[in-house]
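Listed below, chain by chain, are the residues.
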Amino acid sequence: MVLKSLDEDKAGDIVSIDLAGKTPIADYMVVASGTSARHVAAVAEHLLRRLKEAGYGAAHVEGLRQGDWVLIDSGDVLIHIFRPEVRDFYKLEKMWSANIPAEQAAV
């Protein structure tokens with residue numbers, strides 16, 4: 001549902017990362033880009049509404065006002081929506097896509 005919502009709202013470069021064995025904070029991380037701060041905020045607001053309508057409760061959200069980087073924590077899935085230059089600066093998907101041995105991930 002998260003990927004479909006992002007795609008419908010024309011988010012760009014959508015990447016889904018399986019976090020199993022890397023961290024206990026979530027099962028998946030999704031990273032996507034918006035074209036501007038306004039687009040990032042709109043994509044995030046639509047996703048929040050769709051999550052609530054689908055019965056996934058109230059997700060925690062940060063960064064919605066600024067629109068540079070919005071983090072939505074829906075429990076099992078963490079969603080990051082960035083303006084492209086902010087995404088390029090932080091490179092979250094590169095960091096979290098690395099193969100980390102389970103014994104190091106628990107540290």
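Here the structure is a predicted model, which is why all the values come from computation and not from measurement.

Visitor: Before we move on, could you go through the side chain of Ser5 and cite the residues and values that matter?
Guide: Its place among the elements puts Ser5 in helix 1 (residues 2-8). Among the residues examined, Ser5 registers a relative accessible area of 2% and is labelled buried. Once you skip the residues sitting within four places of it in the chain, Ser5 turns out to touch His46, Leu47 and Arg50.

Visitor: Run through the side chain of Arg83, naming residues and quoting values.
Guide: With respect to the helices and strands, the residue Arg83 is situated in the loop between strand 5 (77-82) and helix 3 (84-90). Arg83 gets classed as buried once you look at its relative accessible area, which sits at 18%. Excluding anything up to four places from it in sequence, Arg83 contacts Gly34, Ser36, Ala37, Val40, Gly67 and Asp68.

Visitor: An account of the nonpolar core is needed here, citing residue identities and associated values.
Guide: Counting 17 residues, the largest nonpolar core has Val2, Leu6, Leu47, Ile72, Ile79 and Ile81 as its most contacted members. Sorting elements by how many residues they give to this core places helix 2 (residues 37-53) first, with 6 residues. Excluding anything up to four places from it in sequence, Ile81 contacts Leu6, Ala32, Gly34, Val40, Val43, Ala44, Asp68, Trp69, Val70 and Ile72. If you look at the next biggest cluster of nonpolar residues, it comprises 10 residues, including Met29, Leu78, Leu92 and Trp96.

Visitor: Before we move on, could you go through helix 2 and cite the residues and values that matter?
Guide: The first and last C-alpha atoms of helix 2 sit 24 Å apart over 17 residues, in line with the 24 Å expected at 1.5 Å per residue. Listing the buried residues of helix 2 in full gives His39, Val40, Ala41, Val43, Ala44, Leu47, Leu48, Arg50 and Leu51. Contacts made by the buried residues of helix 2 are with helix 1, strand 3 (60-62), strand 4 (69-73) and strand 5. The first or second residue beyond helix 2 is Gly55, which carries a positive phi of 90 degrees.

About the thresholds
- Residues numbered from 1 in each chain as written.
- Predicted model: local features only at pLDDT ≥ 70, side-chain atom pairs only at ≥ 80, totals over all residues.
- Heavy atoms only, no water.
- Helix = DSSP H or I, 4+ residues; strand = E, 2+ residues; numbered from the N terminus.
- Buried < 20%, exposed > 50% of the residue type's maximum accessible area, 1.4 Å probe, protein only.
- Contact = heavy atoms within 4.5 Å.
- Core = buried A, V, L, I, M, F, W, Y, C linked by side-chain atoms within 4.5 Å.
- Expected span 1.5 Å × (residues − 1).

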